[in-house]
2 protein chains.
Amino acid sequence: MTANLLADLPDASAGEVFTALLSRPGVRVERIVSQGQTTPKGEPMVQGWDEWVLLLEGGARLRIEDADEVALRPGDHLLIGAGQRHWVTWTAKDRATVWLAVHFD
Amino acid sequence: MTANLLADLPDASAGEVFTALLSRPGVRVERIVSQGQTTPKGEPMVQGWDEWVLLLEGGARLRIEDADEVALRPGDHLLIGAGQRHWVTWTAKDRATVWLAVHFD
């Protein structure tokens, strides 16, 4: 059975939409749809496990502590290490931004 | 550090190109670039673990035993169960087809 991660996207303009795709012991795969959301400067995201993210569609900017902010375009991927504080500093407001996230928890 | 899965693609016209992206206990993430390859009818692919695939770019057709052949376009994803015989029955010859594969091994 086939499903599509980019078709019939949910409206994320009022809040990011998280969709669990599959999970196995030690790993979870999810889709995140953003539209204009950013992480408040004083409230970084941080989690106790490694997270690999791949931008599938749209555009975003991300900053990980002790590193330069990076602009992300479709196909860009990076690993956010366990314990690393990070901020989404920009996501496109005029269209959906779709992320694939693999959580190694 | 950011890398891009869709930029500077290797030439896969002479053979599929497999690139390991990361691995953790029980899970491996890889990119596969195809260009025109198919699976011989009498030599199905089969592996002893679940594999989740997501088509990122290009086009392909896939058949899993006991199911109809499906056409895949970017964003399409599906789970190939451990032990399921499957065949890539078509990949575009005129451009690269890029897959993300997550192996739960």
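Details of the structure are given in the entry above.
Below you will find a few notes about this structure. Once a new chain begins, its residue numbering starts again from 1 and follows that chain's sequence as written. Labels follow written order: the first chain is A, the first ligand is 1, and so on. Whole-chain, interface and lining totals are the exception, using all residues; otherwise, since this is a predicted model, local features are given only for residues with pLDDT of at least 70 and side-chain atom pairs are given and counted only at 80 or more. Side-chain calculation: all heavy atoms of the structure are included, whereas hydrogens and water are not.

The nonpolar side chains of soluble globular proteins are, as a tendency, buried together. The biggest cluster of nonpolar side chains holds 25 residues, and the ones touching the most others in it are W52 and L100 of chain A together with W52 and L100 of chain B. In this description a helix means any DSSP run of H or I spanning at least four residues, a strand means any run of E spanning at least two, and both kinds are numbered starting from the N terminus. Only β3 (27–34), β4 (50–57) and β9 (97–104) of chain A together with β3 (27–34), β4 (50–57) and β9 (97–104) of chain B provide two or more residues apiece to this core. A contact between two residues is defined here by any heavy atoms of the two lying within 4.5 Å. Dropping the residues within four chain positions of it, W52 of chain B is found in contact with L5, L21, L22, V29 and L100 of chain A together with H77, L78, L79, L100, A101, V102 and F104 of chain B. Throughout, nonpolar core names a set of buried Ala, Val, Leu, Ile, Met, Phe, Trp, Tyr and Cys residues whose side chains join them through atoms within 4.5 Å. Here's how the labels work: a residue is buried when its accessible area is under 20% of the maximum for its type, exposed when over 50%, partly exposed in between, all with a 1.4 Å probe on protein chains only.

This part covers the environment of R24 of chain B. Note on placement: R24 of chain B falls in strand β2 (residues 17–24). On the basis of relative accessible area, R24 of chain B is assigned to the partly exposed category, the value being 28%. Put simply, R24 of chain B and E65 of chain B are 41 residues apart on the chain and 29 Å apart in space, counted from C-alpha to C-alpha. Setting aside residues up to four positions removed in sequence, R24 of chain B forms contacts with D50, L79 and F104 of chain A.

What follows deals with the sheet that holds strand β1 (residues 3–4) of chain A. By definition, two strands form a pair when at least two bridges between them are found by DSSP. An order of β1(A)-β7(B)-β4(B)-β9(B)-β3(B)-β2(B) is seen for the six strands of this open sheet, with the pairing classed as antiparallel. The outermost strands of the open sheet, each flanked by one partner alone, are β1 of chain A together with β2 of chain B.

Okay, the interface of chain A and chain B next. Contacts between the two partners involve 27 residues from chain A, matched on the other side by 27 residues from chain B. We define buried area as the total accessible area lost by two parts upon association, computed with a 1.4 Å probe and summed across both. The junction of chain A with chain B conceals about 2300 Å² of combined surface from both sides, 66% of it contributed by carbon and sulfur atoms. For the chain A face of the interface with chain B, the top three residues by lost area are T2, R24 and H77 of chain A, together amounting to 22%. Criterion for a salt bridge: a side-chain nitrogen of Lys or Arg within 4 Å of a carboxyl oxygen of Asp or Glu. A salt bridge links R24 of chain A to D50 of chain B, with the nearest nitrogen and oxygen atoms 2.5 Å apart. In protein, a polar contact requires one atom able to donate a hydrogen and another able to accept it; more generally it is a pair of N or O atoms within 3.5 Å, and residues adjacent in sequence count only if both atoms are side-chain atoms. At the boundary of chain A with chain B, the tally comes to 10 residue pairs in polar contact (both at pLDDT 80 or more). Elements supplying a minimum of two residues to the side of chain A that touches chain B: β1, β2 (17–24), β3, β4, β6 (70–72), β7 (76–80) and β9 of chain A. When its residues are assigned to classes, the side of chain A that touches chain B shows 19 nonpolar, four polar and four charged. Strand direction decides the pairing type here: β1 of chain A and strand β7 (residues 76–80) of chain B, joined by two bridges, are antiparallel. When the sheet's bridge partners are listed, A3 of chain A is paired in β7 of chain B with H77 of chain B. In this count, Pro and Cys sit with the nonpolar residues alongside Ala, Val, Leu, Ile, Met, Phe, Trp and Tyr, while Asp, Glu, Lys and Arg are called charged and the others, Gly among them, polar.

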